[in-house]
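If you want the building blocks of each chain, they are given just below.
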Amino acid sequence: MSLLDVRNLEVVYQLRKGLLKAVDNVSFTIEKGEYFGIVGESGSGKSTLARAILRLLPKNGKIANGQIILNGKDITQWSDRQLSTVRWREMSFIPQSAMNALDPVARIGDQILESIQAHENITKEEGYRRAGELFKMVGLDPNRLRDYPHQFSGGMRQRVLIAMSLSLNPDLIVADEPTTALDVIVKDQILDRIDRIQKQLQKSLLLVTHDISVVAENCDKTIVMYGGKIVEYAATGPLLRQAYHPYTLGLKNAFPRLRGPIQELISIPGSPPDLMNAPSGCRFHTRCPFAQERCIEEEPIITEVEPGHYSACHFPELAPEFRERAADGQLWKQARITKNRELQVRKPSV
Amino acid sequence: MNDSNSIVFAVKDLQKWYPLQQGFIDALLKREKQQFVRAVDGVSFSIRAGEIIGIVGESGSGKTTVGMTALRLYEPTGGTITFMGEDITTHSGDRLQNFRRQAQIIFQNPYESLNPRSTVFESVVEPLRLNKIGTKDEHLERVLQALERAEISPPENFLDRYPHELSGGQRQRLAIARAIVIEPKFLVADEPVSMLDVSIRAGILNLLKQLSQTLETAILYVSHDLSTVRYICDRTMTMYAGKLIELGDTNTVIDEPFHPYTQLLIKAIPEVDPDVKRERVLLEGEVPNLVNPPTGCRFHPRCPFVMDRCRVEEPSLQEVKPKHWAACHLY
């Protein structure tokens, strides 16, 4: 049994303009002790997916289809009361902005204590003792438990949130862009800390990020999302070395590197799709330099292209050719010219 | 290019101190000495035509303040600013206006820096109107040309659109078109791609690179992201706590950095290639308080190579190798 099993998940938002399907038919599993990454651009549905798993969707969002099975329990339709038995104990959350996640007028120690006491009957002394241990684990001085959030820097506050997420020893931790608001050096400290804790305590971790290099260095497995769908899913090494999906290839070529020879950066033409008017067929076809008629008409199904490596492209057999040709910036530019015309025909207002 | 005549823009000993607020009574009775946040404290550099120079540093290093002060959008506390050989530090009125006619800025967030009620045409034509450049007939032509250069194509189709109808990447291109419509000699780009998705960033970076060449614009590129700096900048500066601590050609600064801080900054950047294993070096501590910065070298409390001398004597910027300067007592 997998620790987390997400099956055919569909999440919709009720907007004034109508229903927006932010996550569309997503399935994957996380085993115990696995470090899992989800990468995607804005609007790819990565954060919505994380929040749906945590059952923390905003009021206008709901799970329209599919199942979320945590430790063998289908929590998809659970009420808040039922969820409180698994939250913090079986799965917890590290949010993006530590500035907003802490109560500015309560001592840090009390806030940790409160989150423990909500689920366990323990004394204040015992709670503070445990909070002290958590502080040590994330590299903070336990003497500062009585401080207020404003006395901590951004990086330290993020450490507090990591400590909190561990307070009830959950099996799964979901981290939504935990380092996006931080500076390079602090970011590296935090990622290093998360990595060490994950390995030491054998936690399962689901890290949501837009930064492909963060995933490359930390995660065992990676999901690439585009327009609400999984486009590729594999162990991180093979995914980056031998990508099958043109979007993954494009993402890699667009990413500036600090080491090795300077390569021409190739941008993917256009911008991420508007999910209110999602493109037909393959959602990436409007930006894909390899798109053919079939891609416009028929939606590709995610299939296993190699053991443990899944891709949602109609042409997995052409992947070796794609990898070679994707390194040519000219090719992507041409894609833009033809595709813009197409877009104008379909949507005159954009 | 190496001719000193081609220097477009230079600052010398640039300082920007912000007065710290004090209580009314204290101020009245002069009970406390006025304190300052020394955001930029003695920075000097120059930029040639067609050159892109990058400033990197963490938040609080003063890099954005340098960009803003360089354009006289903030008033400098000390130092001199030279544009096209002319000292413009204290210019005002028409003479300042004349400088601004040739210097522009692109901000980080294209969602906030554009007027949502102005059409694309109105946004781009505004700098021409404000600076009284060209006739009405010329305006349309120049707007179309600027949009074309910013790769918003076909430009005619965009003239009547509003920012909300554009994607993030297009908005940043619009901001660029607006900045280049007057063909500035000097351009400050403050984190121009950090709000954009990775797939779109590359296009904007390539565009800036191209513009510096075709228009011979000198660009000051401010960013925390060394990998984008490496991609477009000819030279790179590192700032730490209001000080310029390293300056040199981008490839030498990134491949063989001298200053321990630059070294650590580079080591902190993750690698996308799964076959390249990066050695993780952790730097403890945080950027110092700029009201009472550390004595001597401002980096000494966090520096792994700290010596006694670093605690008392402030290192000055030295040319350690030809055209590569660093402010560190190790050299």
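Residues numbered from 1 in each chain as written. Chains lettered and ligands numbered in written order. Predicted model: local features only at pLDDT ≥ 70, side-chain atom pairs only at ≥ 80, totals over all residues.

Asker: I'd like a description of the overall build of chain B, backed by residues and values.
Answerer: Helix and strand counts for chain B come out as 11 helices and 12 strands. When burial is assessed residue by residue, chain B has 47% of its 331 residues classed as buried. Intrachain contacts of chain B at a sequence separation of at least 6 include 65% that bridge at least 24 residues. (Helix = DSSP H or I, 4+ residues; strand = E, 2+ residues; numbered from the N terminus. Buried ≥ 20, exposed ≤ 12 C-beta atoms within 10 Å, placed from the backbone. Contact = placed C-beta atoms within 7 Å.)

Asker: Go over the sheet that holds strand β11 (residues 318-321) of chain B with me, naming the residues and quoting the values.
Answerer: All names here are of chain B. Spatial ordering of the open sheet is given by β6-β7-β8-β3-β9-β10-β12-β11, a layout of 8 strands whose pairing is mixed. Every other strand in the sheet has two partners, leaving β6 (103-106) and β11 as the edge strands with one partner each. Neighbour-to-neighbour, the strand axes of this sheet turn through a mean angle of 25 degrees, independent of strand direction. In terms of strand pairing, strand β9 (residues 235-240) meets strand β10 (residues 243-249) through 6 bridges, oriented antiparallel. Among the inter-strand pairings, Met239 is bridged to a residue of β10, identified as Leu244. In this fold helix α6 (residues 168-180) packs onto β6 and β7 (186-190), with an angle of close to 175 degrees to the strand it touches most, β6. Against the sheet, helix α10 (residues 260-267) contacts β3 (52-56), β9 and β10, and its axis sits at roughly 105 degrees relative to β9. (Pairing = 2+ DSSP bridges. Axes fitted to C-alpha atoms, helices over the stretch in contact; angles between N-to-C directions.)

Asker: Any details on the pairing of strand β4 (residues 61-70) of chain A? Residues and values, ideally.
Answerer: Residue and element names in this part refer to chain A. In this sheet, β4 lies alongside strand β1 (residues 4-15) in antiparallel orientation, the contact comprising 8 bridges. Within the sheet, the bridge partner assigned to Asp5 lies in β4 and is Ile69. Sheet analysis places β4 next to strand β5 (residues 73-74), joined by 2 bridges and oriented antiparallel. Opposite Ile69, over in β5, you have Asp74 as the bridge partner. Hairpin connection of β4 to β5: 2 residues between the antiparallel strands, including Asn71 at a positive phi of 50 degrees.

Asker: Can you lay out the domain arrangement of chain A for me, pointing to particular residues and giving the numbers?
Answerer: What the domain assignment reports for chain A is domain 1 (1-90 + 173-193 + 201-234), domain 2 (97-169) and domain 3 (242-346). Computed over C-alpha atoms only, the centres of domain 2 of chain A and domain 3 of chain A are separated by 44 Å. (Domains from an automatic or database assignment.)

Asker: So, the nonpolar core: which residues are in play, and what are the values?
Answerer: Counting residues in hydrophobic clusters, the biggest one holds 191 residues, and the most contacted among them are Leu206 of chain A together with Ala177 and Tyr221 of chain B. Ranked by residues supplied to this core, first place goes to helix α7 (residues 198-214) of chain B with 8 residues. For Ala177 of chain B, the contacting residues outside a window of four places in its chain are Val124, Ala146, Leu147, Ala150 and Ile152 of chain B. (Core = buried A, V, L, I, M, F, W, Y, C linked by C-beta atoms within 7 Å.)

Asker: Now, about the interface of chain B and chain A: what can you tell me, with residues and values included?
Answerer: Across the boundary between the two partners, chain B contributes 36 residues, which contact 36 residues of chain A. When contributions to the side of chain B that touches chain A are tallied by element, the ones reaching two or more residues are α6, α7, α8 (226-232) and α10 of chain B. Here the residues of the side of chain B that touches chain A are counted per class, giving 18 nonpolar, 10 polar and 8 charged. (Nonpolar A, V, L, I, M, F, W, Y, C, P; charged D, E, K, R; others polar.)

Asker: Before we move on, can you summarise the environment of Arg129 of chain B with the specific residues and values?
Answerer: All names here are of chain B. Mapping Arg129 onto the fold places it in helix α4 (residues 120-130). Among the residues examined, Arg129 registers 12 C-beta atoms within 10 Å and is labelled exposed. As a C-alpha pair, Arg129 and His139 span 10 residues in sequence and 8.5 Å in three-dimensional space.

Asker: Which residues make up the packing of α6 of chain B against α7 of chain B, and what values go with them?
Answerer: All names here are of chain B. At their nearest, the axes of α6 and α7 sit 10 Å apart, and the two run at 15 degrees to each other. On the basis of their axis angle, the class for α6 and α7 is roughly parallel. Remark: the crossing between α6 and α7 carries right-handed chirality. Facing Gly168, Gly169, Gln172, Ile176 and Ile180 of α6, the residues of α7 in contact are Ile200, Gly203, Ile204, Leu207 and Leu211. Per-class residue counts for the contact of α6 with α7 are 6 nonpolar, 4 polar and no charged. (Parallel < 35°, antiparallel > 145°, perpendicular 65-115°, else oblique. Left-handed = near helix turned anticlockwise from the far one by under 90°.)

Asker: Tell me about the sheet that holds strand β9 (residues 221-226) of chain A, residues and numbers included.
Answerer: Residues and elements named next belong to chain A. Sheet architecture is open: 8 strands sit in the order β6-β7-β8-β3-β9-β10-β12-β11, paired in mixed fashion. Both edges of this open sheet fall to β6 (91-94) and β11 (303-306), since each of them pairs with a single strand only. Neighbour-to-neighbour, the strand axes of this sheet turn through a mean angle of 25 degrees, independent of strand direction. Relative to strand β7 (residues 172-176), β6 runs parallel, the two sharing 4 bridges.

Asker: An account of helix α1 (residues 46-53) of chain A is needed here, citing residue identities and associated values.
Answerer: All names here are of chain A. Counted residue by residue, α1 has 8 buried out of 8 residues, so it is predominantly covered. By the burial criterion, the buried members of α1 are Lys46, Ser47, Thr48, Leu49, Ala50, Arg51, Ala52 and Ile53. Note on α1: the residue one or two positions beyond its end, Arg55, has a positive phi of about 55 degrees.

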